[in-house]
Amino acid sequence: MPKRTPVTLSIEGMSCASCVGRVDRGLSAMEGVHDVSVNLASETARMVVDSPDRIADAIAALDKLGYPARAADVTLSIASMSCASCVGRADKALAAIPGVLEVNVNLASETATVRYVDGAVTPADLIAASTQIGYPATVVQAAGGEDRTARKAEEARSLSRRMGYAAALTLPVFLVEMGGHVVPAFHHWITATIGQQTSWTLQFILTTLVLIGPGRVFYAKGLPALLKGAPDMNSLVAVGTGAAYLYSVVATFLPALLPDAVRAVYFEAAAVIVVLILLGRFLEARAKGRTGAAIQSLLGLQGRTARVLRDGDSVEVSVDDLAQGDIIVVRPGERIAADGEVVEGTSHVDESMLTGEPVPAEKAPGDTVTGGTVNGAGSLHFRATRVGRETTLSQIIRMVEEAQGAKLPIQGLVDKITLWFVPAVMSAATLTVLIWLIFGPSPALTLALVAGVSVLIIACPCAMGLATPTSIMVGTGRAAEMGVLFRKGDALQQLDRVEVVALDKTGTVTEGRPELTDLVLADGFERADVLSKIAAVEDRSEHPIAEAITRAARAEGAPRAEADDFTSITGYGVRATVDGAQVLVGADRFMAREGIDTTALAARETDLATRGRTALYAAIDGHLAAVIGVADPVKPASRAAVAALHEKGLTVVMITGDKRETADAIARETGIDQIIAGVLPDGKVAALDELRQGRRIAFVGDGINDAPALAHADVGIAIGTGTDVAIESADVVLMSGDLRGVVNAFEVSRRTMRNIRQNLFWAFGYNTALIPVAAGALYPAFGVLLSPMLAAGAMALSSVFVLTNALRLRRVAPAMDEGRATVATPSRVTAAPAE
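Residues numbered from 1 in each chain as written. Predicted model: local features only at pLDDT ≥ 70, side-chain atom pairs only at ≥ 80, totals over all residues. Heavy atoms only, no water.

Per an unreviewed UniProt entry, the chain goes by the name Cu+-exporting ATPase and belongs to Sagittula marina. According to its UniProt record, the chain has this under Sequence similarities (unreviewed entry): "Belongs to the cation transport ATPase (P-type) (TC 3.A.3) family. Type IB subfamily." (UniProt positions renumbered as here; feature names shortened; annotations may be inferred.)

What follows is the structure, encoded as structure tokens:
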């Protein structure tokens, strides 16, 4: 089976939901292209391709559809080229990258100018390809691949200029024609001075300049789409304004073709429609630029340069030139350029931009640092472990970009409607004209034209296409700023439907760093000897309980011993040979399995469990030696987070391998509704099935053994301080280490889905309600017929409303902050992990 590769292309020319549908259908129909998701707000198409060759096919298909992939240029400085064959090899390596359109390698200047598809290729890919064949490269100059916010700002400036030009030409037309209708004396004055024919001729000249200048784009894109049988928003505008313009031209220059009763001009309608739609697009471009603000703020966290130790000297280099293993020097107040491990120095690092934790974290040799965070007053030397696209910050940015470009299930409704919406609107406009011509009062032709043009203009489906993706972009971006990363976009919608939240215990509800609290010995055993043997066995284990026991043994100065023949039995315990003795450490089920009688210490084990300890047994040479009590503190935020989840109407369940008595103690402390105790690591999936019963479930965990449950739940939420395996299996990743992030994830999900429903209601309700009004439904009763100019204004405002409503999500406040995390509790129940 071919390896599938995700690809994101930046697309030009999409203006409404029908454009999105056309691109989606065109790409989805291609062989070897899967999981297509087209986003109007971000103007991108995400897909998965079977082979790199499919990227070129997709680019060609987009060109054929009339929505070309956006291109960018970059100039690379290439070292080590010495002859024409070097040029040929460099040219061939760069041209072979899928998405590269044109390559020009110059030996004299030692540069390569590359034109590539923005989104499919990055300058880093080009640098890597050149460097890999022995010609190290660096970026000299880049153009066209600027960030989306800058591109939308430039687009807004361009639209502003075109709108200003159109408005300047339209204003005289509007004042002369509409002024004459509003103030009859003004109309008489125009007729008496320059005359009606001259007035109409001047309006013709000015309106023509508007349509062939700023309004040309509607015809250049709309008419070809109409001729292909796939009309879009531009087609509606082109037909509507074209009809008003041509009717006016006939009335002005071929008056004999029209009865005197219907001889009128609508130049001002055609011109004003263009101005208003350009105004709407200008406001859209400005708003779209702001929808990607979260990505830009994350990109702003990336360092540009770093100081690296080379041959004993500190040298400043670009972050693109960093390599794994480089020793990087970070001075006070500087931003850390890559992920790594501290090798020298101590300091405090502000990690709040990634974790949400306001207190700087102390760093010393052996501790890890994350790129994008800010060093405090100390100086650090650290070894780079992940650089470039592999850093945590780069992965976060990719996660957010992927979530922002996702297609939610609710978007399917929009796609189905837009398949037929524009053709249906054109049919409705045609039917409107026919009805007015057949049944309308005099002047029927004029009224038919006004009603038909109004229907075409008011029904443009721009707002439909923007309703969902803009909310997703802003919502997931705001979530990222709060430390909640939606790895999979559809999790945003799924989380809103969740009824039950299942929590793993260790590292999720509790700190995940247990401490030895009790060691109760059986008759005939000595503490130092038992602790020494137990610690020797547990030193071979990676379980948090094992670390607690070995730490306690070191603290008490117990004799060190070595374990042989170590075996771990998942969900039960561990065994090994220490100084010739067979040592077993594990749960009561392990002792029962091995035939060891625990009756002598059973009461003490029950007492420990009741007090919130995790109780384990130890046996030496087949005899019960001790019962061990280990405690894992409940995280300070857990109780408040559970209460906040209850406020949202959610049922909270804890799944743990602990005994019921221990789990009950934690549940009482935190307010958890239900527990499922004694669950083996491979039993968490079955526990979720037991809970489901027709309900949607979110599972929250952080360990390796949580990965199957995270993948099996309707929504898997990984605590960001957990393992990479757990994070890769999750739909949502929390950068903070406690349950506050879960509450914030639900808050963002519910607010975003509410926002999407508001947008869709407005977009669909607006079109459903106003198309009949535009067609003249109110005329028989009230004598009211909607002006095409008002229709254009209403259409433009509908898109602006949707965008403005989505931008409100930027103000979503965390449902839980530091203040709510420190809710006072009557006691500090502790428990330890048995997972």
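> So what's going on with the overall build of the chain? Which residues, and what values?
The number of helices and strands found in the chain is 31 helices and 29 strands. Classification of the 835 residues of the chain by burial places 54% in the buried group. Look at the contacts in the chain between residues 6 or more apart in sequence, and 71% of them connect residues 24 or more apart. By element, 57% of the accessible surface of the chain is carried by carbon and sulfur atoms, the whole surface being about 34,400 Å². Averaging the locations of the 75 positively and 90 negatively charged side chains of the chain gives two centres separated by 8 Å. (Helix = DSSP H or I, 4+ residues; strand = E, 2+ residues; numbered from the N terminus. Buried < 20%, exposed > 50% of the residue type's maximum accessible area, 1.4 Å probe, protein only. Contact = heavy atoms within 4.5 Å. Areas by Shrake-Rupley, 256 points an atom, 1.4 Å probe, with all protein chains shown as cover. Lys, Arg positive; Asp, Glu negative; His and termini not counted. Charge placed at Lys NZ, Arg CZ, Asp CG, Glu CD.)

> Could you give an account of the packing of helix 16 (residues 462–481) against helix 28 (residues 740–775), naming the residues involved and the relevant values?
Where helix 16 contacts helix 28, the axes come no closer than 9 Å and their chain directions differ by 165°. Classified by the angle between their axes, helix 16 and helix 28 sit roughly antiparallel to one another. Considering the relative orientation of helix 16 and helix 28, their crossing is right-handed. Only V748, T752, N755, I756, N759, L760, A763, F764 and N767 of helix 28 make contact with helix 16, whose side of the interface consists of A463, M464, A467, T468, T470, S471, I472, G475 and A479. Residue classes in the contact of helix 16 with helix 28 are distributed as 10 nonpolar, eight polar and no charged. (Axes fitted to C-alpha atoms, helices over the stretch in contact; angles between N-to-C directions. Parallel < 35°, antiparallel > 145°, perpendicular 65-115°, else oblique. Left-handed = near helix turned anticlockwise from the far one by under 90°. Nonpolar A, V, L, I, M, F, W, Y, C, P; charged D, E, K, R; others polar.)

> Which residues make up the side chain of S541, and what are the values?
With respect to the helices and strands, S541 occurs in the loop between helix 19 (527–538) and helix 20 (544–556). Beyond its immediate stretch of four places on either side in the chain, S541 contacts A546 and F566.

> Let's hear about the pattern of salt bridges: which residues, and what values?
Summed over all chains, the structure comprises 29 salt bridges. Residues E154 and R157 are paired through a salt bridge, measuring 2.9 Å at the closest nitrogen-oxygen approach. With E154 and R157 both in helix 5 (residues 148–182) and three residues apart, the pair spans about one turn of that helix. The partner of E747 in a salt bridge is R751, with the nearest N and O atoms 3.4 Å apart. Note that E747 and R751 are positioned in helix 28 at a spacing of four residues, about one turn of the helix. (Salt bridge = Lys/Arg side-chain N within 4 Å of Asp/Glu carboxyl O.)

> A description of the nonpolar core should follow, citing residues and the corresponding values.
Residues M47 and F486 are the most contacted members of the largest nonpolar core, which totals 144 residues. Excluding its chain neighbours within four sequence positions, the residues that come into contact with F486 are M399, A403, T476, A479, A491, L492, L495, D731, V732, A745 and V748. Grouped together as the second largest cluster of nonpolar side chains are 29 residues, V530, I545, A548 and A576 included. (Core = buried A, V, L, I, M, F, W, Y, C linked by side-chain atoms within 4.5 Å.)

> Report on the UniProt feature "domain: HMA" (unreviewed entry) in the chain, specifying residues and quantitative values.
Listed under "domain: HMA" (unreviewed entry) in the UniProt record, and renumbered for this structure, are residues 5–70 and 72–138. The span residues 5–70 shows a helical share of 38% and a strand share of 29%, and its end C-alpha atoms are spaced 20 Å apart. Segment residues 72–138 splits into 33% helix and 34% strand. End C-alpha atoms: 16 Å apart.

> Tell me about the pairing of strand 25 (residues 651–655), and please be specific about residues and values.
Buried residues dominate strand 25, accounting for four of its five residues. In terms of strand pairing, strand 18 (residues 500–504) meets strand 25 through five bridges, oriented parallel. Note on strand 25: the bridge partner recorded for A502 is V653. (Pairing = 2+ DSSP bridges.)

> Could you give me a rundown of the sheet that holds strand 16 (residues 380–386), with the residues and numbers involved?
With antiparallel pairing, the six strands of this open sheet are ordered in space as 9-8-10-16-11-14. Every other strand in the sheet has two partners, leaving strand 9 (313–318) and strand 14 (368–369) as the edge strands with one partner each. Where strand 11 (residues 339–344) lies against strand 16, five bridges are found, and the strand directions are antiparallel. Note that in strand 16 the partner of G340 across the bridge is A384.

> Account for a nonpolar patch on the surface, with residues named and values stated.
Together, L431, L434, I435, L437, I438, F439 and L445 make up an exposed nonpolar region whose accessible area comes to about 700 Å². The greatest single-element share of the nonpolar patch, amounting to six residues, is contributed by helix 14 (residues 411–439). (Patch = residues over 30% accessible without salt bridge, like charges linked within 9 Å, V, L, I, M, F, W, Y side chains within 5 Å.)

> Break down the domain arrangement of the chain for me, citing the residues and quoting the values.
When its domains are assigned, the chain resolves into domain 1 (5–65), domain 2 (71–141), domain 3 (148–296), domain 4 (305–401), domain 5 (484–510 + 636–735) and domain 6 (515–631). Computed from C-alpha coordinates alone, the two centres of domain 2 and domain 5 are separated by 48 Å. (Domains from an automatic or database assignment.)

> Tell me what's going on with unusual backbone geometry, and back it up with residues and numbers.
At the junction of S442 and P443, the peptide bond is cis and its omega measures out at -5° in the coordinates. Looking at the element boundaries, P443 is found in the loop between helix 14 and helix 15 (444–458). The residue D621 is not glycine, and still its phi comes out positive at about 50°. Relative to the helices and strands, D621 is located in the loop between strand 23 (614–620) and strand 24 (623–631).

> Talk me through a negative patch on the surface; I want residue IDs and the actual numbers.
On the surface, D539, E562, D564 and D565 cluster together into a negatively charged patch. With a relative accessible area of 61%, D565 lands in the exposed category.

> I'd like a rundown of the pairing of strand 24, residues and numbers included.
With eight of nine residues buried, strand 24 lies mostly within the body of the structure. In this structure, strand 19 (residues 515–521) lies alongside strand 24, joined through six bridges in antiparallel fashion. Bridge pairing in strand 24 links D518 to G629. Hairpin connection from strand 23 to strand 24: two residues lie between these consecutive antiparallel strands, with D621 at a positive phi of about 50°.

> Can you explain the confidence of the model for the chain? Please cite residues and give values.
A residue-level look at the chain finds 91% of positions with pLDDT of 70 or above and a mean pLDDT of 83. Within the model, the stretch residues 818–835 combines pLDDT values under 50 with 75 contacts to residues more than four positions away or in other chains. (pLDDT = per-residue confidence, 0-100.)

> Could you give an account of the sheet that holds strand 2 (residues 33–39), with specific residues and numbers?
By definition, the strands of a sheet pair up through backbone hydrogen bonds, in either a parallel or an antiparallel sense. Spatially, three strands are ordered 1-3-2 in an open sheet, and the strand pairing comes out antiparallel. Bordering the open sheet on either side are strand 1 (5–10) and strand 2, each of which pairs with just one other strand. Within this sheet the neighbouring strands show an average axis-to-axis angle of 15°, counted without direction. Note: strand 1 against strand 3 (residues 44–49), six bridges, orientation antiparallel. Paired with L9 across the strands is A45, a residue of strand 3. Packed on one face of the sheet, helix 1 (residues 17–28) meets strand 2 and strand 3 and runs near 170° to strand 2. Along the sheet, helix 2 (residues 53–65) makes contact with strand 1, strand 2 and strand 3, crossing strand 1 at roughly 30°.

> Would you mind going over the packing of aromatic side chains in detail, with residue names and values included?
Any two aromatic rings considered together are summarised by their centre-to-centre distance and by the angle between their planes. This model, assessed by the stated rule, comprises seven aromatic pairs. Arranged with centres 6.1 Å apart and planes meeting at 20°, the rings of F204 and Y245 form a pair that is stacked. Taken together, the positions of F204 in helix 7 (residues 196–212) and Y245 in helix 9 (residues 233–253) put the pair 41 residues apart, joining distant regions of the chain. On the numbers, 6.1 Å between centres and 50° between planes, the contact of Y247 with Y266 is tilted. Of the two residues, Y247 sits in helix 9 while Y266 sits in the loop between helix 9 and helix 10 (267–291), which places them 19 residues apart along the sequence. For Y247, a relative accessible area of 9% gives the class buried. Among the aromatic residues, those joined into a cluster by ring pairs are F204, Y245, F253 and F267. (Phe/Tyr/Trp six-rings, centres within 6.5 Å; stacked < 30°, edge-to-face > 60°.)

> Just give me the short version of helix 19, but keep the residues and values in it.
Here helix 19 spans 16 Å end to end across 12 residues, near enough to the 16 Å set by a 1.5 Å rise per residue. Most of helix 19 sits inside the fold, with nine of its 12 residues counted as buried. (Expected span 1.5 Å × (residues − 1).)

> Which residues make up the side chain of N744, and what are the values?
Mapping N744 onto the fold places it in helix 28. The class of N744 is buried, set by a relative accessible area of 5%. Apart from residues no more than four positions distant in its own chain, N744 is found in contact with M482, V484, P814, A815 and M816.

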